[in-house]
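Fold and contact review
Listed here are the chains, written in short residue letters.
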Amino acid sequence: MAKKPNILLITSDQQHWNTIGAFNDEISTPNLDRLVREGTAFTRAYCPNPTCTPSRSSIITGMYPSQHGAWALGTKLSEDVRTVGEELQAEGYRTALIGKAHFQPLASTDEHPSVEVVPLLQDLDYWRDFTGPFYGFGHAEMLRNHAHEHLVGQHYAIWMEEQGFNWKAHFAEPTGSLSYSAEHRWSLPEDYHYNAWIAERTNALLERYTADEAPFFLWASFPDPHPPYLVSVPWDTMYDPEKLTLPEATPGEHEANPPHFGMTQQERPDFSAYQETGKGVHGLYTHRIPLEKRRKNIAVYYGMVSFMDKYVGRILDKLDELGLAEDTIVVYTTDHGHFFGQHGLQYKGAFHYEDLLKLPFIVRYPGNVPAGRVDSSMQSLVDLAPTFLGFSGTPVPRTMTGVDQSRVWRGEQSAARDHVICENRNEPTLMHVKTYVGERYKLTVYYERPYGELFDLQEDPGEIRNLWDDPGHSEVKGQLLLDFLWAEMGKEPMPMPRLHHA
């Protein structure tokens, strides 16, 4: 019987697709570049939702957010939903998660209990006793904070305490004593950064799994380069802000866009009409930032990527040291993209440009996935679970609606899909958005709104000219709306096979 492959999933958080040195000479990522040389880089990979909880839940369920139920930040993935980890465990795999999970919200109720809440996050006795099981991961060591956020705690804080480190002095109030407004240079020494912790704990599990001689599915989940823009010395000064390309809006580009686009360029926009639940909507605020701060933000963002790359390298080196590299599928990607000035936008929100939806996506599996290849076939994070199962020889549950990309990754098939769908639902009705991306065109619709977006990615790759209301593209728009409807119907799950005519 052929040995089942190990699976190592390495993710960042909110990383722009064009932040890999192999494709962008303004940034240094030698270890990601190594994966590009030794594997296949997919240039048209997309998230199923441009926010953390929905997208991350899709990674482990192989389902879209509208199907697995964690449809927005602040919702919870039900423990009843079957995950790829549970499927692989049934096939003899060891499964583990190290780093950021974010399958649960920062609030808890009797009906929807969450372990990722304050003050439980800082109850270190609780986390000493809890290392899983968690959503199909037999072992889990987690953190919830980005940079110095007050959400620090869980297994990461335990690790810092075990090092004898006074960690609270480097994290924000009220958990720690650092000002929440700290930016760019973080007082936390590199040795105690969560990048070092994730690499160390991941490598410890790799050593354990090598001794067990059992296949493993291991997710190393880094929280960077998600803002706040804050990083340890010397990474905060690795890049000269004056030497980096500064993305800018094109004058007039938002005139044909839905109204919330242009409002972001106002000094004090009033988005009250978009508030429905009172829980907030990502991106609905002014995106105007002083020029010098924007430049420094980009430099630090790049520094955060390069810093993380160093510790991705530590994990890759451990695979080599243990003799695991040849038998391990390594996937590097992120949960969604990021704006740092593109189209005049910052961070994320209901702005479905390629900057936010498209992902860095690299696959290495020596002797199985072609090395040094750049592939433009469409990929989605919702495909990861069925693809991992495909490589392991495990039947894909009928509830999973992503597609098995294993033959595409091997280079045996040119494509497994001709479109991707991205969902974004920050509010039940007022900000409910879906995007259909085809080979050439991209269409975005808003629930119960007459406006939308239509971009020709071939003729307008920068997505400057919205063709939604262009009479010359009315026929294209009509066909795309039909294609979109067919795609929505096509991704409906069919958990029960038809057994008889009646």
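This one's a predicted model, so the numbers in the text were calculated from it and none came from an experiment. (Residues numbered from 1 in each chain as written. Predicted model: local features only at pLDDT ≥ 70, side-chain atom pairs only at ≥ 80, totals over all residues. Heavy atoms only, no water.)

**Section: the overall build of the protein chain**
For the protein chain, the count of helices and strands is 13 helices and 17 strands. In terms of overall size, the protein chain behaves like a compact globule, its C-alpha atoms giving a radius of gyration of 22 Å where 502 residues would be expected to give roughly 23 Å. If one aligns the C-alpha atoms of the protein chain with their principal axes, the spans along those axes are about 65 × 65 × 50 Å. Burial status across the protein chain gives 60% buried among its 502 residues. (Helix = DSSP H or I, 4+ residues; strand = E, 2+ residues; numbered from the N terminus. Rg over C-alpha atoms; globule rule 2.2 N^0.38 Å. Buried < 20%, exposed > 50% of the residue type's maximum accessible area, 1.4 Å probe, protein only.)

**Section: a nonpolar patch on the surface**
A contiguous nonpolar patch, built from Leu482, Leu485, Trp486 and Met489 and spanning about 420 Å² of accessible area, is present on the exposed surface. With respect to the helices and strands, tryptophan 486 occurs in helix α13 (residues 474-490). By relative accessible area, tryptophan 486 is classed as partly exposed at 49%. (Patch = residues over 30% accessible without salt bridge, like charges linked within 9 Å, V, L, I, M, F, W, Y side chains within 5 Å. Areas by Shrake-Rupley, 256 points an atom, 1.4 Å probe, with all protein chains shown as cover. Salt bridge = Lys/Arg side-chain N within 4 Å of Asp/Glu carboxyl O.)

**Focus: the packing of helix α7 (residues 194-212) against helix α9 (residues 291-321)**
Put simply, α7 and α9 touch, their axes get as near as 9 Å, and they point 10° apart. Classed by the angle they form, the pair α7 and α9 counts as roughly parallel. Where α7 abuts α9, its residues Asn195, Ala196, Ala199, Thr202, Asn203, Leu206 and Glu207 lie against Phe307, Met308, Tyr311, Arg314, Ile315, Lys318 and Leu319. Split into classes, the residues belonging to the contact of α7 with α9 amount to 8 nonpolar, 3 polar and 3 charged. (Axes fitted to C-alpha atoms, helices over the stretch in contact; angles between N-to-C directions. Parallel < 35°, antiparallel > 145°, perpendicular 65-115°, else oblique. Contact = heavy atoms within 4.5 Å. Nonpolar A, V, L, I, M, F, W, Y, C, P; charged D, E, K, R; others polar.)

**Digging into α7**
The end-to-end C-alpha distance of α7, which contains 19 residues, comes to 27 Å, matching closely the 27 Å that a straight helix rising 1.5 Å per residue would cover. For α7, every residue scored as buried is listed here: Tyr194, Asn195, Ala196, Trp197, Ile198, Ala199, Thr202, Asn203, Leu205, Leu206 and Tyr209. Its buried side turned inward, α7 meets β3 (94-100), β4 (139-143), α6 (154-162), β5 (184-186), β6 (216-225) and α9. Of the residues flanking the end of α7, it is glutamate 213, one or two places downstream, whose phi is positive at about 55°. (Expected span 1.5 Å × (residues − 1).)

**Some details on the nonpolar core**
Soluble globular proteins: nonpolar side chains tend toward being buried together. In this structure, Phe103, Tyr156 and Trp409 are the most contacted members of the largest nonpolar core, which totals 131 residues. With 14 residues, the single largest contributor to this core is α9. Of all hydrophobic cores here, the second largest spans 12 residues; its members include Ile421, Leu467, Phe484 and Ala487. (Core = buried A, V, L, I, M, F, W, Y, C linked by side-chain atoms within 4.5 Å.)

**Quick look at the sheet that holds strand β14 (residues 420-425)**
Pairing between the strands of a sheet is mediated by backbone hydrogen bonds and can be parallel or antiparallel. Strand order in the open sheet made by the 4 strands is β14-β15-β16-β17, with antiparallel pairing throughout. Taken across any chain shown, the strands that pair with only one partner, and hence form the sheet edges, are β14 and β17 (452-456). Sheet twist, expressed as the average angle between the axes of neighbouring strands with direction ignored, equals 10°. Note that strand β16 (residues 441-446) and β17 share 5 bridges and pair antiparallel. Note that in β17 the partner of threonine 444 across the bridge is glutamate 453. (Pairing = 2+ DSSP bridges.)

**Observations regarding unusual backbone geometry**
Following glycine 132, the chain continues into proline 133 via a peptide bond in cis, with omega recorded as 5°. Within the secondary structure layout, proline 133 lies in the loop between α5 (124-129) and β4. Note that the residue after proline 227, namely proline 228, is joined by a cis bond; omega there is 15°. Relative to the elements of secondary structure, proline 228 occurs in the loop between β6 and β7 (230-232). One non-glycine residue, alanine 147, adopts positive backbone phi at about 50°. Tracing the chain through its elements places alanine 147 in the loop between β4 and α6. Look at alanine 147 and you get buried, because its relative accessible area is 0%. Even without being glycine, histidine 343 reaches a positive phi, approximately 60°. By secondary structure assignment, the location of histidine 343 is in the loop between β9 (339-340) and β10 (346-347).

By themselves, these figures tell us nothing about what the structure is for.
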